[in-house]
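Topology and contacts: notes
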Amino acid sequence: ETGVTQTPRHLVMGMTNKKSLKCEQHLGHNAMYWYKQSAKKPLELMFVYSLEERVENNSVPSRFSPECPNSSHLFLHLHTLQPEDSALYLCASSQVGTGGFAGELFFGEGSRLTVL
Amino acid sequence: AQSVAQPEDQVNVAEGNPLTVKCTYSVSGNPYLFWYVQYPNRGLQFLLKYITGDNLVKGSYGFEAEFNKSQTSFHLKKPSALVSDSALYFCAVRDSGNTGKLIFGQGTTLQVKP
(Lines give C-alpha, C1' and ligand atoms only; values in the text may rest on other atoms or scores of the structure.)
Protein backbone atom coordinates (compact mmCIF):
# COMPACT_ATOMS: atom_id res chain seq x y z
CA GLU A 1 0.00 0.00 0.00
CA THR A 2 1.23 3.46 -0.79
CA GLY A 3 -0.01 6.96 -0.03
CA VAL A 4 -3.12 7.55 2.03
CA THR A 5 -5.79 4.86 2.26
CA GLN A 6 -9.33 5.45 3.45
CA THR A 7 -11.96 2.82 4.32
CA PRO A 8 -14.76 2.35 3.69
CA ARG A 9 -15.11 4.17 0.39
CA HIS A 10 -18.88 4.28 0.77
CA LEU A 11 -21.00 4.16 3.91
CA VAL A 12 -24.75 4.40 4.39
CA MET A 13 -26.01 4.74 7.94
CA GLY A 14 -29.11 5.58 9.85
CA MET A 15 -29.26 8.44 12.30
CA THR A 16 -29.02 6.14 15.30
CA ASN A 17 -26.07 4.08 14.07
CA LYS A 18 -22.48 4.20 15.25
CA LYS A 19 -19.80 3.77 12.60
CA SER A 20 -16.18 4.72 12.04
CA LEU A 21 -14.11 5.96 9.13
CA LYS A 22 -10.50 4.82 8.97
CA CYS A 23 -7.47 6.47 7.42
CA GLU A 24 -3.95 5.08 7.13
CA GLN A 25 -0.93 6.86 5.72
CA HIS A 26 2.16 5.04 4.47
CA LEU A 27 4.26 8.17 3.89
CA GLY A 28 5.96 8.55 7.27
CA HIS A 29 4.23 11.88 7.87
CA ASN A 30 3.68 13.39 11.30
CA ALA A 31 0.44 15.31 10.76
CA MET A 32 -3.02 14.10 9.71
CA TYR A 33 -6.21 15.95 8.84
CA TRP A 34 -9.94 15.37 8.36
CA TYR A 35 -11.72 17.55 5.80
CA LYS A 36 -15.42 17.54 4.91
CA GLN A 37 -16.52 18.16 1.33
CA SER A 38 -20.21 18.88 0.84
CA ALA A 39 -21.93 19.62 -2.43
CA LYS A 40 -21.45 23.23 -3.48
CA LYS A 41 -19.35 24.08 -0.42
CA PRO A 42 -15.61 24.55 -0.12
CA LEU A 43 -13.58 21.96 1.73
CA GLU A 44 -14.02 22.44 5.46
CA LEU A 45 -11.21 21.50 7.82
CA MET A 46 -12.56 19.48 10.74
CA PHE A 47 -9.59 18.25 12.77
CA VAL A 48 -5.80 18.38 12.73
CA TYR A 49 -3.49 15.98 14.51
CA SER A 50 0.21 16.72 14.79
CA LEU A 51 2.45 14.08 16.35
CA GLU A 52 -0.69 12.24 17.50
CA GLU A 53 -1.96 15.24 19.43
CA ARG A 54 -5.13 17.02 18.38
CA VAL A 55 -4.07 20.58 17.65
CA GLU A 56 -7.22 21.86 16.02
CA ASN A 57 -10.93 21.26 16.27
CA ASN A 58 -12.91 23.59 14.05
CA SER A 59 -16.14 23.78 16.05
CA VAL A 60 -17.18 20.35 14.87
CA PRO A 61 -20.29 18.87 16.55
CA SER A 62 -19.59 16.25 19.17
CA ARG A 63 -21.32 13.59 17.08
CA PHE A 64 -17.99 13.48 15.21
CA SER A 65 -15.20 12.11 17.38
CA PRO A 66 -11.65 11.78 16.00
CA GLU A 67 -9.00 9.40 17.24
CA CYS A 68 -5.32 9.22 16.33
CA PRO A 69 -3.71 6.18 18.03
CA ASN A 70 -0.38 6.65 16.22
CA SER A 71 1.10 8.81 13.50
CA SER A 72 -0.02 6.42 10.74
CA HIS A 73 -3.68 5.98 11.66
CA LEU A 74 -6.60 8.35 12.01
CA PHE A 75 -10.21 7.50 12.73
CA LEU A 76 -13.43 9.47 12.64
CA HIS A 77 -16.09 7.96 14.89
CA LEU A 78 -19.64 8.79 13.89
CA HIS A 79 -22.64 8.74 16.22
CA THR A 80 -26.20 10.02 15.92
CA LEU A 81 -25.54 11.81 12.67
CA GLN A 82 -27.98 14.02 10.79
CA PRO A 83 -28.87 13.86 7.07
CA GLU A 84 -26.97 17.13 6.55
CA ASP A 85 -23.79 15.31 7.58
CA SER A 86 -23.92 13.41 4.30
CA ALA A 87 -20.72 14.36 2.47
CA LEU A 88 -17.35 13.17 1.24
CA TYR A 89 -14.92 12.92 4.14
CA LEU A 90 -11.31 13.33 3.11
CA CYS A 91 -8.27 12.36 5.11
CA ALA A 92 -4.87 13.90 4.40
CA SER A 93 -1.36 13.79 5.78
CA SER A 94 1.73 15.98 5.60
CA GLN A 95 5.16 16.37 7.10
CA VAL A 96 5.38 19.34 9.45
CA GLY A 97 8.84 20.46 10.52
CA THR A 98 10.32 22.93 12.90
CA GLY A 99 9.48 26.59 12.45
CA GLY A 100 6.16 25.71 10.91
CA PHE A 101 7.55 24.35 7.65
CA ALA A 102 5.21 21.87 6.05
CA GLY A 103 5.04 20.09 2.75
CA GLU A 104 1.95 19.65 0.66
CA LEU A 105 -0.99 17.60 1.87
CA PHE A 106 -1.50 14.14 0.44
CA PHE A 107 -5.15 13.08 0.29
CA GLY A 108 -6.91 9.75 0.39
CA GLU A 109 -9.71 8.88 -2.01
CA GLY A 110 -12.36 9.82 0.53
CA SER A 111 -15.25 8.09 2.27
CA ARG A 112 -18.65 8.94 0.80
CA LEU A 113 -21.10 9.05 3.72
CA THR A 114 -24.87 9.01 3.32
CA VAL A 115 -27.04 9.48 6.40
CA LEU A 116 -30.63 8.36 6.04
CA ALA B 1 -6.72 35.29 8.18
CA GLN B 2 -5.38 33.59 5.08
CA SER B 3 -7.82 33.05 2.22
CA VAL B 4 -8.02 32.29 -1.47
CA ALA B 5 -10.73 33.06 -3.98
CA GLN B 6 -11.52 31.36 -7.27
CA PRO B 7 -13.74 33.81 -9.14
CA GLU B 8 -15.02 31.35 -11.74
CA ASP B 9 -17.31 28.43 -10.95
CA GLN B 10 -16.66 26.93 -14.37
CA VAL B 11 -14.19 27.40 -17.20
CA ASN B 12 -14.89 26.04 -20.68
CA VAL B 13 -12.14 25.58 -23.23
CA ALA B 14 -11.71 23.68 -26.49
CA GLU B 15 -9.21 20.86 -26.67
CA GLY B 16 -5.83 22.09 -27.86
CA ASN B 17 -6.42 25.65 -26.67
CA PRO B 18 -4.57 27.19 -23.72
CA LEU B 19 -6.39 27.20 -20.40
CA THR B 20 -6.27 29.45 -17.35
CA VAL B 21 -7.95 28.84 -14.00
CA LYS B 22 -7.82 31.91 -11.79
CA CYS B 23 -6.94 32.23 -8.12
CA THR B 24 -6.33 35.26 -5.93
CA TYR B 25 -5.06 35.18 -2.39
CA SER B 26 -5.06 37.23 0.78
CA VAL B 27 -2.35 36.50 3.34
CA SER B 28 -0.35 38.08 6.07
CA GLY B 29 3.28 37.28 5.51
CA ASN B 30 4.71 35.14 2.75
CA PRO B 31 2.17 33.11 0.78
CA TYR B 32 2.54 29.37 0.39
CA LEU B 33 0.19 28.48 -2.45
CA PHE B 34 -1.00 25.19 -3.92
CA TRP B 35 -3.12 23.77 -6.72
CA TYR B 36 -4.98 20.47 -6.51
CA VAL B 37 -7.19 18.58 -8.97
CA GLN B 38 -10.14 16.34 -8.13
CA TYR B 39 -11.69 13.85 -10.53
CA PRO B 40 -15.25 12.58 -9.88
CA ASN B 41 -15.54 10.43 -6.75
CA ARG B 42 -11.82 10.72 -6.06
CA GLY B 43 -9.62 12.50 -3.55
CA LEU B 44 -7.54 15.58 -4.27
CA GLN B 45 -4.32 15.20 -6.23
CA PHE B 46 -1.46 17.64 -5.76
CA LEU B 47 -0.44 19.52 -8.92
CA LEU B 48 2.08 22.15 -7.85
CA LYS B 49 3.08 24.63 -5.18
CA TYR B 50 4.75 27.99 -4.76
CA ILE B 51 6.89 28.48 -1.69
CA THR B 52 9.59 30.87 -2.83
CA GLY B 53 11.80 31.53 -5.83
CA ASP B 54 10.79 31.54 -9.48
CA ASN B 55 7.39 33.06 -10.14
CA LEU B 56 6.59 30.42 -12.77
CA VAL B 57 6.06 27.05 -11.13
CA LYS B 58 5.88 23.86 -13.16
CA GLY B 59 3.85 20.92 -11.96
CA SER B 60 2.31 17.60 -12.92
CA TYR B 61 0.54 16.75 -16.21
CA GLY B 62 1.95 19.80 -18.03
CA PHE B 63 0.35 22.34 -15.68
CA GLU B 64 2.11 25.46 -14.49
CA ALA B 65 1.16 28.43 -12.35
CA GLU B 66 2.29 32.01 -12.27
CA PHE B 67 2.76 33.75 -8.95
CA ASN B 68 2.10 37.49 -9.17
CA LYS B 69 2.75 39.35 -5.94
CA SER B 70 1.51 42.75 -7.11
CA GLN B 71 -1.82 41.28 -8.24
CA THR B 72 -1.95 38.74 -5.39
CA SER B 73 -2.73 36.04 -7.93
CA PHE B 74 -1.67 32.46 -8.57
CA HIS B 75 -3.35 31.42 -11.81
CA LEU B 76 -3.11 27.85 -13.09
CA LYS B 77 -2.24 27.46 -16.76
CA LYS B 78 -1.65 24.87 -19.43
CA PRO B 79 -0.57 25.63 -23.01
CA SER B 80 -2.75 22.98 -24.65
CA ALA B 81 -5.82 21.52 -22.92
CA LEU B 82 -6.82 17.86 -23.11
CA VAL B 83 -10.31 16.43 -22.69
CA SER B 84 -8.88 14.37 -19.82
CA ASP B 85 -8.05 17.62 -17.97
CA SER B 86 -11.77 18.07 -17.30
CA ALA B 87 -12.08 18.03 -13.50
CA LEU B 88 -12.53 20.20 -10.42
CA TYR B 89 -9.55 22.39 -9.55
CA PHE B 90 -8.79 23.84 -6.13
CA CYS B 91 -6.43 26.62 -5.18
CA ALA B 92 -5.20 26.59 -1.57
CA VAL B 93 -3.05 28.63 0.79
CA ARG B 94 -1.20 27.43 3.86
CA ASP B 95 -2.71 28.87 6.98
CA SER B 96 -0.55 30.70 9.51
CA GLY B 97 0.59 28.64 12.46
CA ASN B 98 2.47 25.37 12.50
CA THR B 99 -0.16 22.74 11.76
CA GLY B 100 0.46 22.70 8.02
CA LYS B 101 -3.25 22.96 7.26
CA LEU B 102 -4.47 24.35 3.95
CA ILE B 103 -7.34 26.75 3.34
CA PHE B 104 -9.08 25.96 0.05
CA GLY B 105 -10.96 28.04 -2.49
CA GLN B 106 -14.41 26.98 -3.57
CA GLY B 107 -13.15 25.18 -6.64
CA THR B 108 -13.43 25.72 -10.40
CA THR B 109 -14.85 23.11 -12.75
CA LEU B 110 -12.82 22.86 -15.93
CA GLN B 111 -14.67 21.52 -18.97
CA VAL B 112 -12.53 20.74 -22.01
CA LYS B 113 -14.57 19.97 -25.13
CA PRO B 114 -13.28 18.00 -28.11
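What comes next is a walk through the structure.

Reading guide: rules and limits
Residues numbered from 1 in each chain as written. Chains lettered and ligands numbered in written order. Predicted model: local features only at pLDDT ≥ 70, side-chain atom pairs only at ≥ 80, totals over all residues. Heavy atoms only, no water. Helix = DSSP H or I, 4+ residues; strand = E, 2+ residues; numbered from the N terminus. Rg over C-alpha atoms; globule rule 2.2 N^0.38 Å. Buried < 20%, exposed > 50% of the residue type's maximum accessible area, 1.4 Å probe, protein only. Areas by Shrake-Rupley, 256 points an atom, 1.4 Å probe, with all protein chains shown as cover. Lys, Arg positive; Asp, Glu negative; His and termini not counted. Charge placed at Lys NZ, Arg CZ, Asp CG, Glu CD. Contact = heavy atoms within 4.5 Å. Core = buried A, V, L, I, M, F, W, Y, C linked by side-chain atoms within 4.5 Å.

So, on to the overall build of chain A. For chain A, the count of helices and strands is zero helices and 11 strands. In sequence order, the secondary structure elements of chain A are arranged as β-β-β-β-β-β-β-β-β-β-β. The C-alpha radius of gyration computed for chain A amounts to 14 Å, which stays within 12% of the reference 13 Å derived for 116 residues, consistent with globular compactness. Reported as C-alpha extents along the three principal axes, the dimensions of chain A are approximately 45 × 30 × 30 Å. For chain A, with 116 residues in total, the buried portion stands at 47%. Working note: accessible area of chain A is about 5500 Å², and carbon and sulfur atoms make up 51% of it. One finds the centroid of the 10 positive side-chain charges in chain A at a distance of 10 Å from the centroid of its 11 negative side-chain charges.

With that out of the way, let us pick up the environment of M15 of chain A. Residues and elements named next belong to chain A. By the element assignment, M15 lies in the loop between β2 (10-13) and β3 (18-25). In this structure M15 comes out as partly exposed when scored by relative accessible area, which is 36%. Sequence-wise, M15 and S86 are 71 residues apart; in three dimensions their C-alpha atoms are separated by 11 Å. Excluding residues within four positions of it along the chain, M15 makes contact with T80, L81, Q82, P83, V115 and L116.

Here the focus is the nonpolar core. Among soluble globular proteins, nonpolar side chains are generally buried collectively. W35, L47, L48, F74, L76 and Y89 of chain B are the most contacted members of the largest nonpolar core, which has 26 residues in total. Elements represented by at least two residues in this core include exactly β2 (10-14), β3 (19-21), β5 (33-38), β6 (44-50), β8 (64-68), β9 (73-78), β10 (87-94) and β12 (108-113) of chain B. The leading source of residues in this core is β10 of chain B, at four residues. Counting 22 residues, the second-largest nonpolar core is a separate cluster that includes L11, F47, L74 and V115 of chain A.

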